[in-house]
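Here is how the chains run, residue by residue.
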Amino acid sequence: MKKLLSIIAVFGLFLCFGLQAFADDAADAKAFFNKYVNAANTYSPTIPEFYSPNAKIIRQVVKPDGTLVNVSTNTATYMKQLKLGQATAKLRKYKNSYRNINVTKVANGYKVSAERQPTGETYWLKTYQIVQKQPNGQWKVIEEMMQTKEQIFLKYAK
């Protein structure tokens, strides 16, 4: 009986520490997302450092009739587009507000989901990032989906 109680106690300790590690990583993933939002809203030149070099970038275009079209690109192309758009965004004082931020564990990291509202708009759009803790302890975006109503992205659809 003592042996069984000892096993249960040890298992309980492992379970508690495992849940604590999950909670810490989830909190770190959310903190990383918040740092990203701050960097993006201040037009920081460090934005590329938030992304894995081979991140999957998806812009989900919301067409006027409500249908959705996914437009995928690679990190390098996205960073070129971002650099071009940052100057105009800064002049327009463009920012995004986020609400309903949720963090969930997924097979390859943590999925940070939220709703995003661009400056001057009344609507909210879906977005998510899958973030992954790297061996060096840094967090990186390995996948990102962001809805947009900007129809210009459709020219990149395949």
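Residues numbered from 1 in each chain as written. Predicted model: local features only at pLDDT ≥ 70, side-chain atom pairs only at ≥ 80, totals over all residues. Heavy atoms only, no water.

K.L.:
Teacher, can you tell me more about unusual backbone geometry here?
P.N.:
Among all residues except glycine, the phi angle is most often negative; among peptide bonds, the trans geometry is most common. With a phi close to 55°, tyrosine 43 is a non-glycine residue in the positive phi region. Along the chain, the position of tyrosine 43 falls in the loop between helix H1 (2-41) and strand S1 (51-62). A relative accessible area of 14% means that tyrosine 43 is categorised as buried. A positive phi angle, close to 50°, is found at asparagine 100, a residue other than glycine. Considering the arrangement of structural elements, one finds asparagine 100 in strand S3 (residues 96-106). (Helix = DSSP H or I, 4+ residues; strand = E, 2+ residues; numbered from the N terminus. Buried < 20%, exposed > 50% of the residue type's maximum accessible area, 1.4 Å probe, protein only.)

K.L.:
I tried to follow the packing of aromatic side chains on my own but got confused; where do I start?
P.N.:
To describe a pair of aromatic rings, you give the distance between the ring centres and the angle between the ring planes. Under the criterion given, the structure shown has 6 aromatic pairs. Aromatic pair tyrosine 36 and phenylalanine 50: ring centres 5.8 Å apart, planes at 75°, arrangement edge-to-face. One end of the pair, tyrosine 36, is in helix H1; the other, phenylalanine 50, is in the loop between H1 and S1, with 14 residues separating them in the sequence. Ring pairs connect the aromatic residues Phe32, Tyr36, Phe50, Tyr51 and Tyr78, which therefore count as one cluster. A cation over a ring is seen here: lysine 105 above tyrosine 110, with NZ or CZ 5.0 Å from the ring centre. (Phe/Tyr/Trp six-rings, centres within 6.5 Å; stacked < 30°, edge-to-face > 60°. Lys NZ or Arg CZ within 6 Å of the ring centre and 35° of its normal.)

K.L.:
Would you take a moment to explain the nonpolar core for this structure?
P.N.:
In a soluble, globular protein the nonpolar side chains are often hidden away together inside. Formed by 22 residues in total, the largest nonpolar core has its most connected members in Tyr36, Tyr51 and Val131. Among the elements of the structure, H1, S1, helix H2 (75-92), strand S4 (109-118) and strand S6 (139-148) are those that each provide at least two residues to this core. The greatest single-element share of this core, amounting to 7 residues, is contributed by H1. In this view, tyrosine 51 contacts Tyr36, Ile57, Thr75, Tyr78, Met79, Gln129, Lys140, Val141 and Glu144; residues no more than four positions away in its chain are not counted. Of all hydrophobic cores here, the second largest spans 5 residues; its members include Ile58, Tyr128, Ile130 and Ile142. (Core = buried A, V, L, I, M, F, W, Y, C linked by side-chain atoms within 4.5 Å. Contact = heavy atoms within 4.5 Å.)

K.L.:
Looking at this model, I keep getting lost on the sheet that holds strand S5 (residues 125-133). Mind explaining?
P.N.:
The pairing of strands in a sheet comes from backbone hydrogen bonds and takes either a parallel or an antiparallel form. Pairing within the open sheet is mixed, and its 6 strands lie in the order S2-S1-S6-S5-S4-S3. At either margin of the open sheet sits one strand with a lone partner, and together these are strand S2 (68-73) and S3. Each neighbouring strand pair of the sheet contributes to a mean axis angle of 20°, computed without reference to strand direction. Where S4 and S5 come together, 7 bridges link them in antiparallel fashion. Residue pairing across strands places alanine 114 opposite threonine 127, the latter belonging to S5. Across the sheet, H2 is in contact with S1, S2 and S6; its angle to S1 comes to roughly 65°. (Pairing = 2+ DSSP bridges. Axes fitted to C-alpha atoms, helices over the stretch in contact; angles between N-to-C directions.)

K.L.:
Explain the confidence of the model for the protein here, please?
P.N.:
For any part of a model where pLDDT is low, the fine detail of the predicted coordinates should not be relied upon. Confidence in the prediction of the protein, expressed as mean pLDDT, is 85, and 81% of residues score 70 or more. Counting interchain partners and residues more than four positions distant, the pLDDT-below-50 stretch residues 18-22 has 2 contacts. (pLDDT = per-residue confidence, 0-100.)

K.L.:
Mind showing me how you'd approach H2 here?
P.N.:
Helical geometry note: an α-helix holds 3.6 residues per turn, so side chains three or four residues apart project in the same direction. With 18 residues, H2 extends 25 Å from end C-alpha to end C-alpha; this agrees with the ideal 26 Å at 1.5 Å per step. The largest bend in H2 comes to about 35°, at glycine 85. Those residues of H2 not exposed but buried are Thr75, Tyr78, Met79, Gln86 and Ala89. Its side-chain oxygen 3.2 Å from the backbone nitrogen of alanine 76, asparagine 74 forms the N-cap of H2. Among the residues trailing H2, lysine 93 stands out with phi positive, at a value near 60°. (Expected span 1.5 Å × (residues − 1). Bend = angle between axes of the 7 residues up to and from the residue. Polar contact = N/O pair within 3.5 Å; in protein donor to acceptor, adjacent residues only side chain to side chain.)

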